[in-house]
Amino acid sequence: MIVVKRKPIKEILEFVKNSKNILIAGCGTCAAVCLEGGEKEAAEIKGLLNLHFKNEDKNISALCDSAVRLCDPEFVKDIKLKCNVLPDVIISLGCGAGVQMVSDIFESVPVFPGINTTFLGTNDELGVFSEKCQGCGECILDKTGGICPVSRCSKSLLNGPCGGSSDGKCEVDDTIDCAWQLIFDRLKTMNMLDKMQEIIPVKDWRTSRDGGVRAMVKEEAVIDKNEE
């Protein structure tokens, strides 16, 4: 999942200070799981904005609506269809991809991020998230016992630990488990320690963000408009 964190209300107020009609768009997927941008949080921000404007004696209206996913045009279009009047500004509580999708659908309306997108991670327990993937585009989890050294090793080493790890902890921060110690332990548990003998070749970083804007097309899911 994409892990996000809500922006300070002061920053959001700065986005909308010159607007009269504001829409807060919540996302019911990752942002909701993070307790930062779902339907409940959208309503909370709406209340804070309306209270602020009331105290400032300003005639400004803040409304909210939520979609299952703000990164999916189908759901964002549903929000637009429900708008009797286009808002002056939209605060999107989806990740960076969601902000851009809302901008694409509401072409003439400024769309601002209400949250900061932090990383791809897991929900370890309620309110606790940890980075597990950097979306590098060339997955090697089959070789490392399902533990990603690119994201979980402080140095992103591909072939075993550095010389600084000690007692299973990282030399960069001794509160962090050494990723390669975790990989060794996992492979040992699975009776697959022979994997440690395999040399992982130099990574082709062109599949990561360094290679430019990335896209993925699932040919079997694409509808050929010429056949419609």
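Conventions and cut-offs
Residues numbered from 1 in each chain as written. Predicted model: local features only at pLDDT ≥ 70, side-chain atom pairs only at ≥ 80, totals over all residues. Heavy atoms only, no water. Helix = DSSP H or I, 4+ residues; strand = E, 2+ residues; numbered from the N terminus. Polar contact = N/O pair within 3.5 Å; in protein donor to acceptor, adjacent residues only side chain to side chain. Contact = heavy atoms within 4.5 Å. Salt bridge = Lys/Arg side-chain N within 4 Å of Asp/Glu carboxyl O. Buried < 20%, exposed > 50% of the residue type's maximum accessible area, 1.4 Å probe, protein only. Core = buried A, V, L, I, M, F, W, Y, C linked by side-chain atoms within 4.5 Å. Arc of directions from axis to C-beta.

Relative to the helices and strands, D65 is located in strand β3 (residues 61-67). A distance of 3.0 Å separates the side chain of D65 from the side chain of K82, its partner in a polar contact. Once you skip the residues sitting within four places of it in the chain, D65 turns out to touch L23, I24, A25, G26, I79 and K82.

Enumeration according to the criterion identifies 12 salt bridges in this entry. D124 is the partner of K132 in a salt bridge, and the nearest nitrogen-oxygen pair spans 3.7 Å. In this structure, K169 and D177 form a salt bridge, with 2.6 Å as the shortest nitrogen-oxygen distance. Assessed through its relative accessible area of 30%, K169 is described here as partly exposed. Among the ionic contacts, a cluster of salt bridges with common partners joins R6, E36 and E44.

Further remarks concern the nonpolar core. The biggest cluster of nonpolar side chains holds 36 residues, and the ones touching the most others in it are I22, I24, L49, L70, I90 and F106. When contributions to this core are tallied by element, the ones reaching two or more residues are β1 (2-6), α1 (9-16), β2 (21-27), α3 (39-55), β3, α4 (73-81), β4 (89-92) and α5 (96-105). For this core, the element with the highest residue contribution is β2, accounting for five residues. Excluding residues within four positions of it along the chain, F106 makes contact with L23, V76, I79, K80, C83, L86, P87 and I90. Of all hydrophobic cores here, the second largest spans 10 residues; its members include C148, L158, C178 and W180.

Our focus in this paragraph is α4. Among all positions in α4, only F75, V76 and I79 are buried. The buried residues of α4 occupy an angular sector of 100° when projected down its axis, which confines them to one face. α4 presents E74 and L81 as exposed residues on the side facing more than 90 degrees away from its buried surface. Contacts made by the buried residues of α4 are with β2, β3 and α5. For α4, the N-terminal cap is D72; the gap from its side-chain oxygen to the backbone nitrogen of E74 is 3.0 Å.

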